[in-house]
Every structure is written in structure tokens, then in C-alpha cells.
Amino acid sequence: MTASVGDAELAARFRLEPEAFTEVHDRYYPAVHRYVAARLDSRDAEDVTAETFLIAFDRRQKFDDTRGELRPWLFGIATNLVAGHHRKEARHYRALTRLGVAPELGEGHESRVVTAIAARGTLAAALAKLPRGERDVLLLVALAQLDYAEVALALGISSGTVGSRLHRARQKLALILAPEARDE
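Residues numbered from 1 in each chain as written. Predicted model: local features only at pLDDT ≥ 70, side-chain atom pairs only at ≥ 80, totals over all residues. Heavy atoms only, no water.

Next up on the list: the overall build of the chain. Within the chain, the regular secondary structure consists of eleven helices and zero strands. Scanning the chain from its N terminus toward the C terminus, one meets helices and strands in the order α-α-α-α-α-α-α-α-α-α-α. Looking at the chain residue by residue over its 184 residues, the buried ones come to 43%. Taken as a whole, the chain presents about 9,600 Å² of accessible surface, with 53% of it coming from carbon and sulfur. (Helix = DSSP H or I, 4+ residues; strand = E, 2+ residues; numbered from the N terminus. Buried < 20%, exposed > 50% of the residue type's maximum accessible area, 1.4 Å probe, protein only. Areas by Shrake-Rupley, 256 points an atom, 1.4 Å probe, with all protein chains shown as cover.)

Right, here's the structure in full:
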């Protein structure tokens with residue numbers, strides 16, 4: 001099967017031929033793993049990423065290709081699994097703060113902003129202070145580089161909710177990361 005096969009065709013195929021799910025794994029594993037690894041430690045990232053694909057495989061018959069593509073579906077599963085590791089994630093960000101290490105991010109405006117802030121050593125602590133829903137939206141945009149519609153599909157929320165959560169997360173981060181802004 002070639003890489004040019006779309007998600008809808010691939011989904012139709014893996015419903016009938018379970019071994020075709022291997023292409024889903026090969027196509028999306030690196031991106032899902034990068035996203036999860038930026039949110040959890042490396043051991044947990046391996047486990048959560050593997051579990052993401054196991055759950056997706058088990059639920060492959062339920063995938064609704066009329067709702068969107070496989071990518072946001074997989075990131076939604078991964079985000080829900082990361083939520084199960086919420087306490088570990090908060091500890092991970094606190095540890096990154098102590099070590100002064102920033103998570104590896106992709107390209108794009110959001111990622112450049114997150115990287116620049118992380119260089120000051122305060123991003124991890126700020127992320128740990130955000131409510132889970134806002135943190136999930138922000139990190140799906142910054143780390144997974146999903147657009148609003150894909151984030152909405154991944155989290156099962158509306159695009160408007162994505163926009164408002166992202167806006168609130170940005171506002172809160174600005175206040176946390178720029179305390180001098182509160183004094184003005």
C-alpha cells in the first residue's frame with residue numbers, strides 16, 4: 001500500500017483486513033509518540049503510545065471516517081490516556097522546571113513561542129498550573145500541531161471551545177510567565 005492512500009480508504013481497509021492497521025501505526029506512531037513524550041517521561045511515553053495504538057486497533061470498527069481523519073482520533077485517544085497520568089505529568093513538568101529542560105516541540109508559531117518561554121525555565125511550572133482541559137488544548141496545538149478542528153475532534157469538544165480554552169490558556173500563561181504584567 002502506498003503512502004498516498006487517504007485515511008478514509010485506509011480505515012475502510014483495516015476494518016476488513018486487520019493487518020492493514022500496520023500502516024496506521026507506521027504512519028502516525030512517530031507524531032503520537034513525540035506528543036506523548038513531551039507530556040510524560042520516556043518510559044510512560046512508550047507505554048501510552050503503545051496503548052494508544054492498541055485501543056485504536058480494538059476500536060477500529062467504530063472509527064467514523066465521516067467525522068474526520070485518523071490523526072485527531074489517535075491524538076484524542078492519546079490525550080485521554082495522558083489524562084490518566086495527570087499527576088505524573090504535573091510531576092514531570094515540575095522536574096523539567098528544576099532541571100531547566102524544555103520539551104521537544106515541532107515547527108510553527110505556537111511551538112516557537114513555547115520554546116522561547118521554556119528557555120527561561122518557567123514553562124513547565126506554568127503548564128502544571130493550567131487546568132487539564134486548557135493544557136490539553138494548548139499542547140495539542142503546540143506539540144501535535146493540530147488545528148482547531150482536529151483538536152475539537154480529538155477531545156470531543158466544539159471548535160469554539162478549543163478557541164476559548166486556548167485563549168484562556170494563553171492569558172493564564174502570560175500572567176504566570178510575565179509577573180511584571182500584573183504590576184501594570
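One way to put it is that helix α1 (residues 7-16) packs onto helix α2 (residues 21-39) with a least axis distance of 8 Å and a crossing angle of 140 degrees. Taken together, α1 and α2 sit at an angle that is classed as oblique. Here D7, L10 and F14 of α1 come into contact with α2, specifically with F21, E23, V24, R27 and Y28. Broken down by class, the residue content of the contact of α1 with α2 amounts to five nonpolar, no polar and three charged. (Axes fitted to C-alpha atoms, helices over the stretch in contact; angles between N-to-C directions. Parallel < 35°, antiparallel > 145°, perpendicular 65-115°, else oblique. Contact = heavy atoms within 4.5 Å. Nonpolar A, V, L, I, M, F, W, Y, C, P; charged D, E, K, R; others polar.)

Here we come to unusual backbone geometry. You will see that Q145, though not glycine, has its phi angle at about 60 degrees, which is positive. By relative accessible area, which is 36% here, Q145 ends up partly exposed.

Within the secondary structure, L81 is located in helix α4 (residues 70-83). In this structure the C-alpha to C-alpha distance between L81 and T49, which are 32 residues apart in sequence, comes to 8.8 Å. Those residues in contact with L81, other than ones at most four positions away along the chain, are V48, E51, T52 and I55.

Inspection of the entire model under this criterion finds five aromatic pairs. A centroid spacing of 5.2 Å and a plane angle of 75 degrees characterise the contact between F14 and F21, whose relative ring orientation is edge-to-face. Since its relative accessible area comes to 0%, F14 is described here as buried. F21 sits in the buried class, given a relative accessible area of 6%. Taking 5.8 Å as the distance between ring centres and 35 degrees as the angle between the ring planes, the aromatic pair formed by Y29 and F53 counts as tilted. Of the two residues, Y29 is situated in helix α2 and F53 in helix α3 (residues 42-58); the sequence distance between them amounts to 24 residues. The class of F53 is buried, set by a relative accessible area of 5%. A network of ring pairs unites the aromatic residues F14, F21 and F57 as a single cluster. (Phe/Tyr/Trp six-rings, centres within 6.5 Å; stacked < 30°, edge-to-face > 60°.)

It is worth spelling out α2 at this point. Spanning 19 residues, α2 covers 25 Å between terminal C-alpha atoms, matching the ideal 27 Å at 1.5 Å per step. By the largest-angle criterion, Y28 marks the main kink of α2, which is about 50 degrees, and a proline, P30, follows within four residues. All buried positions along α2 are accounted for by F21, E23, V24, Y28, V32, H33, Y35, V36, A38 and R39. (Expected span 1.5 Å × (residues − 1). Bend = angle between axes of the 7 residues up to and from the residue.)

All right, on to the layout of surface pockets then. For the largest pocket, the calculated volume is near 270 Å³. Lining the largest pocket are 14 residues, with F63, R67, P72, W73 and L153 positioned closest to its centre. Going through the elements one at a time, α4 and α9 (148-155) are the ones with two or more residues in the lining of the largest pocket. Ranked by the residues each element gives to the lining of the largest pocket, the list is headed by α4, at five residues. The residue makeup of the lining of the largest pocket, split by class, is six nonpolar, three polar and five charged. (1 Å grid on protein atoms, 1.4 Å probe; cavity = no way out; pocket = protein on both sides within 12 Å on 5 of 7 lines; lining within 4 Å. Points joined across faces, edges and corners; volume = space filled by probe spheres on them.)

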